[in-house]
Amino acid sequence: MSQNSVPPPVNPESLLQADRSKRVIVVSDDDGFRATVRGLFPELDVQFFRRLAPAVDIAAALVPDVVLLDVDLALGDAGGIQAAIGHFLRLSPSIKVIAVVAEGQREHASSALQSGASDFYHLPVEPVVLPMLVRRALRVRELEQENQALRGAQPIETSGSGILGRSAAMQSVLRIVEKVSGTDATVVLLGESGSGKELVARALHRQSLRSAQPFCAINCAAIPEALLESELFGHERGAFTGAVRQSLGRFELAAGGTVFLDEIGEMPLVLQAKLLRVVQERVIERVGGRVGIPIDIRIVCATHRDLPALVAAQAFREDLFYRLSQMTIRIPPLRERDGDVTLLARFFLRESVRRHSSRVCGFAPDAMEAMHRYHWPGNVRELQNRVETAVIMADGAWIGALELGLEGTVGGADFSLRHARSAAERKALDRALAVASGNLSRASALLGVSRPTLYDLLSKHAMRATDFVVG
Ligand SMILES: Nc1ncnc2c1ncn2[C@@H]1O[C@H](COP(=O)(O)OP(=O)(O)OP(=O)(O)O)[C@@H](O)[C@H]1O
Ligand SMILES: [Mg+2]
């Protein structure tokens, strides 16, 4: 719907709810339009961009509620209306994109709507209508969020699993986890190091009927071969030198619950034969024992190795492989999860900032770019560690690629003077605003620039003085 149709009645109460926690991004290279819009929303946090790329970067770090997108710029700068709108909607499908269409270009309005824009606006600016349109979009977004909270529907996480992911790849993993957790099927989790195998194993247990019973994890690669058997199966007194008393193994300790066999690919062949009996008959024998002891457990295994290749190389028993892989869940590497890097990075940032009582506000655009380019060999664990280290080491309010240790990944190392000047400028702004606690007059005095110049600099570096206000 646009300003050309009859707008629904707007409740004045709802207008008052719009405040500076609501973020609007304006992307337009039309100086006149930006100047007019600047004065229209004193109560909102509005950021202005002349180009699409930096607007998308900042939107990835600080998801906006509404984007006012100049369609002319989208056509020139981003290779099309659909591509430009897609950049924002991929970050969060609930962002409201309002397409700003020049006079006499009505056909662009319908392509914008077809590409996912929630509304459109025909220039020239009418100071009464445009704010109404933006506030209505904000209200709709608010209602959608309330509705989602009421339904308890978290689109990015299954109930209490702690597994974050809005990419199609992770959504499909989450759906499988939900389905499989209600069964007793033996599950093999395949995935690179740090991709979240243990997290998924725990979620499978937590969401199962066995959740009130123990979850026992054992890393087959971390325990010496000689000890692994007794760790898993337990031993009788006198079974070997040093076995001064009877001891229960993980299979018995997990009674009624789940045993998580991590790095199953490293299990020695002798133990694989004993494990096969457990899987087939649900019976164990303690080391040095003579009787079979029935057990009631569910088995979940994980490995970063290629199990079929191990089978082919006769390092893993084929019969065990087939028994274990009743259900196989492949956890995709982080680089294959579109959009999840941003989501996880922001989540880990919030957590680290809280834990370390840090004043870090968010990621600078170069950090977002670097994180998107990087291939994350250590997957989610690596991302978590890099963000945590960056929060601890950060001098300023914004984490850049440098703090993440990823400066080389931004379009190759940038040695240009322009880049160096821009980095120095950002650092100076950062320090002045921190010293002035976000007070613009003091900051501009410290920097020796006028307030309008300071505004332009803040906009250029996508910084907000309010982030530096103490208390
Ligand atoms: N989708 C996710 N959402 C939130 N946190 C995650 C996600 N995936 C992994 N993590 C976190 O990343 C870290 C590594 O995950 P986890 O230990 O489950 O990986 P793994 O595949 O078992 O790694 P490894 O192969 O090294 O044992 C953990 O701190 C975990 O909480
Ligand atoms: Mg693990």
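Just above sits the structure.
Anyway, here's the lowdown on the structure attached to this text. None of these values were measured; they are calculated from a predicted model.

### A word on the overall build of the protein chain
- Counting its secondary structure elements, the protein chain contains 20 helices and 16 strands.
- Counting over 471 residues, the protein chain shows a buried share of 37%.
- Expressed as a percentage of contacts within the protein chain between residues at least 6 apart in sequence, the contacts between residues at least 24 apart total 70%.

### Side note on the nonpolar core
- In this structure, Val 27, Leu 68, Leu 69, Ile 98 and Ala 99 are the most contacted members of the largest nonpolar core, which totals 82 residues.
- Sort the elements by how many residues they give to this core and helix H3 (residues 52-61) lands first, with seven residues.
- Here this core spans two domains, since at least three of its residues come from each of domain 1 (12-151) and domain 3 (336-468).
- With 35 residues, the next largest nonpolar core counts Met 170, Ala 201, Phe 233 and Ile 331 among its residues.

### Examining the sheet that holds strand S14 (residues 327-330)
- Taken together, five strands build an open sheet; the order of strands is S7-S10-S13-S6-S14 and the sheet is parallel. The strands lining the two open edges of the sheet, one partner per strand, are strand S7 (215-219) and S14. Across the sheet, the axes of successive neighbouring strands diverge by a mean angle of 20 degrees, strand direction being ignored.

### Section: the site of ligand 1
- Neighbouring residues of ligand 1: 16 residues in total, closest Leu 164, Gly 196, Lys 197, Glu 198 and Val 380.
- Taken together, the residues that form the shell around ligand 1 break down as five nonpolar, eight polar and three charged.
- When residues are assigned to domains, the shell around ligand 1 turns out to be shared by domain 2 (168-332) and domain 3 (336-468), each giving three or more.

### Considerations on helix H5 (residues 81-91)
- If you check which residues of H5 are buried, you get Ile 81, Ala 84, Ile 85, His 87, Phe 88 and Leu 91. Projected down its long axis, H5 shows its buried positions confined to an angular sector of 140 degrees, all on one face.

Definitions and limits used
The numbers attached to residues start from 1 for each chain and follow its sequence in the written order. The lettering of chains begins at A and the numbering of ligands begins at 1, in the order of writing. At least 70 in pLDDT is required for a residue's local features to be given in this predicted model, at least 80 for side-chain atom pairs to be given and counted, and no such filter applies to totals for whole chains, interfaces and linings, which use all residues. The helix count covers DSSP runs of H or I at least four residues long, the strand count covers runs of E at least two residues long, and both are numbered beginning at the N terminus. Exposure classes come from backbone-placed C-beta atoms, where a residue is buried if 20 or more other C-beta atoms lie within 10 Å of its own, exposed if 12 or fewer do, and partly exposed in between. Once C-beta atoms are placed from the backbone, any two residues with those atoms within 7 Å are in contact. Linking buried Ala, Val, Leu, Ile, Met, Phe, Trp, Tyr and Cys residues through C-beta atoms within 7 Å yields a set, and such a set is a nonpolar core. An automatic or database domain assignment supplies the start and end points of every domain. If DSSP finds at least two bridges between two strands, the strands pair. Axis angles are defined between N-to-C directions and span 0 to 180 degrees, where every axis is a line fitted to C-alpha atoms and, for a helix, only to the segment in contact. Residues are counted as near a molecule or strand when the C-beta atom, derived from backbone positions, lies within 6 Å of that molecule or strand. For this classification, Asp, Glu, Lys and Arg are treated as charged, while Ala, Val, Leu, Ile, Met, Phe, Trp, Tyr, Cys and Pro are nonpolar and the rest, including Gly, are polar. Think of the arc as the fan of directions from the helix axis to the C-beta atoms.

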